[in-house]
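Examination of the molecular architecture
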Amino acid sequence: MAQPTYRTLEILAQLLVVATGTRISYVGVDNVPERGGAVIAVNHTSYVDWLPVALAMRRRRRKLRFMIKAEMQRVKVVNFLIKRTRMIPVDRGAGAGAYAVAVQRLREGELVAVYPEATISRSFELKEFKTGAARMALEAHVPIVPVVVWGTQRIWTKGHPRNVGRTKVPVAVHVGPPLRAAADIALTGQALRESMTALLHQAQRDYPHPAGAYWVPRRLGGGAPTLAEAARMDAAEAAARAAGRTQRQSG
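What comes next concerns the included structure. Computed from a predicted structure; not experimentally measured. (Residues numbered from 1 in each chain as written. Predicted model: local features only at pLDDT ≥ 70, side-chain atom pairs only at ≥ 80, totals over all residues. Heavy atoms only, no water.)

We now examine helix H6 (residues 185–205). Turn by turn, an α-helix covers 3.6 residues, leaving residues three or four places apart pointing in a common direction. Relative to the 30 Å expected for 21 residues at 1.5 Å per residue, H6 spans 30 Å between its end C-alpha atoms, a close match to the ideal helical length. Looking at the buried positions of H6, the neighbouring elements they touch are strand E2 (38–42), helix H5 (132–140), strand E6 (144–150) and strand E7 (170–175). Here H6 starts with a cap whose side-chain oxygen sits 3.1 Å from the backbone nitrogen of Ala186, and that cap is Asp184. (Helix = DSSP H or I, 4+ residues; strand = E, 2+ residues; numbered from the N terminus. Expected span 1.5 Å × (residues − 1). Contact = heavy atoms within 4.5 Å. Polar contact = N/O pair within 3.5 Å; in protein donor to acceptor, adjacent residues only side chain to side chain.)

And the structure:
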């Protein structure tokens, strides 16, 4: 059941790319293993990073299993797709179950997508990495494939209106050589971060960055917040959510 639904979504994704005039370029896709399990570690700058990454995997005739917030199961259509495409729901309050499922899928030879930053980077720089990608790869005995997507933050990102329609936004997908997880998780995380930083700079090198644009990192002369400023914004948002939950629970 999963394969026809996944194939249908691939076709719809390609049609969407054509309809919007999005120009996706791919570099290093041959670094994705032709077979066998692998953790696909992706940077996170927008709500639509997943689409060009999935299409990149398709170029290697591979299907990608995404980890998705468990809350999305409440949406009937999304829940249907989760079940039919073997996505992995993650309960952020109790992630052990999803972690175990991801490791099992990797052992079965699947590609599992992981965002090491966990949440969208408002600065469009790499945030601090979580250890999940490294731990999964080590436990399942599979490689980590670093992937960077650049340009999707212009389409739809946190704190800014969606830029939909025939916008012809260029998007770059850069895939690095697979990494082997070492027993030292911190060392593996450092190697992954270094690889993804190099890919990010590579993707940015030939990409036009208008001065002051909200989607351009401060480092490149843009108007995006710095990493420190973005961290303060994230903290304020998290505090507001926590206060809202407390208020609802208290009636």
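So much for the structure itself; the text now carries on.
This part takes up the sheet that holds strand E4 (residues 88–90). Read from one edge of the open sheet, 7 strands run E1-E7-E6-E2-E5-E3-E4, paired in mixed fashion. Lying at the two open borders of the sheet, with one neighbouring strand each, are strand E1 (23–27) and E4. Neighbour-to-neighbour, the strand axes of this sheet turn through a mean angle of 25 degrees, independent of strand direction. Packing of helix H4 (residues 96–107) onto the sheet brings it into contact with E2, strand E3 (64–69), E4 and strand E5 (111–114), and relative to E4 it is tilted by some 155 degrees. (Pairing = 2+ DSSP bridges. Axes fitted to C-alpha atoms, helices over the stretch in contact; angles between N-to-C directions.)

Looking now at the nonpolar core. In this structure, Val39, Ile40, Leu64 and Met136 are the most contacted members of the largest nonpolar core, which totals 60 residues. Ranked by the residues each element gives to this core, the list is headed by E6, at 6 residues. Excluding residues that lie within four positions of it along the chain, Met136 makes contacts with Val39, Met67, Tyr99, Ala102, Val103, Leu106 and Val114. (Core = buried A, V, L, I, M, F, W, Y, C linked by side-chain atoms within 4.5 Å. Buried < 20%, exposed > 50% of the residue type's maximum accessible area, 1.4 Å probe, protein only.)

A few words on a nonpolar patch on the surface. A surface patch of nonpolar side chains, amounting to about 340 Å² of accessible area, comprises Leu9, Ile11, Leu12 and Leu15. By the element assignment, Leu12 lies in helix H1 (residues 2–20). (Patch = residues over 30% accessible without salt bridge, like charges linked within 9 Å, V, L, I, M, F, W, Y side chains within 5 Å. Areas by Shrake-Rupley, 256 points an atom, 1.4 Å probe, with all protein chains shown as cover. Salt bridge = Lys/Arg side-chain N within 4 Å of Asp/Glu carboxyl O.)

Here E3 lies mainly inside the structure; 5 of its 6 residues are buried. Bridging between E3 and E5 involves 3 bridges; their strand directions are parallel. Its bridge partner being in E5, Arg65 is matched across the sheet by Val112. Summarising the sheet, E3 and E4 pair through 3 bridges and their orientation is parallel.

Moving on: the side chain of Gln153. Examined against the element boundaries, Gln153 turns out to sit in the loop between E6 and E7. Looking at Gln153, its side chain comes within polar contact range of the main-chain nitrogen of Gly151, at 3.0 Å. In terms of polar contacts, Gln153 uses its side chain to reach the backbone carbonyl oxygen of Trp215, at 3.2 Å. Sequence-distant contacts of Gln153, that is, excluding residues within four places in its chain, are made with Thr45, Ser46, Phe124, Tyr214 and Trp215.

Let us now look at unusual backbone geometry. Backbone geometry at Arg61 places phi at a positive 60 degrees, although glycine is not the residue there. Relative to the assigned elements, Arg61 resides in the loop between helix H2 (50–58) and E3. Overall, the relative accessible area of 78% leaves Arg61 in the exposed class. A positive phi angle is found at Ala118, which is not glycine, with a value near 75 degrees. Topologically, Ala118 is positioned in the loop between E5 and H5.

Let us now look at the packing of H5 against H6. At a minimum axis distance of 9 Å, the contact between H5 and H6 shows a crossing angle of 115 degrees. Between H5 and H6 the crossing geometry is right-handed. For the pair formed by H5 and H6, the contact residues are Ala133, Ala134, Arg135 and Leu138 on the first element and Ile185, Thr188 and Leu192 on the second. The residue makeup of the contact of H5 with H6, split by class, is 5 nonpolar, 1 polar and 1 charged. (Left-handed = near helix turned anticlockwise from the far one by under 90°. Nonpolar A, V, L, I, M, F, W, Y, C, P; charged D, E, K, R; others polar.)

A word on the packing of aromatic side chains. Under the counting rule described, the total for this entry stands at 2 aromatic pairs. On the basis of an interplanar angle of 50 degrees and a centroid distance of 4.9 Å, the ring pair of Tyr47 and Trp156 is categorised as tilted. Within this pair, whereas Tyr47 is found in the loop between E2 and H2, its partner Trp156 is found in the loop between E6 and E7, the two being separated by 109 residues in sequence. By relative accessible area, Tyr47 is classed as partly exposed at 38%. Here Tyr207 and Trp215 contribute two aromatic rings whose centre-to-centre distance is 5.9 Å and whose plane-to-plane angle is 80 degrees, an arrangement assigned as edge-to-face. (Phe/Tyr/Trp six-rings, centres within 6.5 Å; stacked < 30°, edge-to-face > 60°.)

In this section: the environment of Arg7. The topology assignment puts Arg7 in helix H1. For Arg7 and Leu55, which are 48 residues apart along the polypeptide, the C-alpha to C-alpha distance reads 11 Å. Contacts of Arg7, omitting those with residues within four sequence positions, involve Gln14 and Arg58.

These figures come from the coordinates and say nothing about function on their own.
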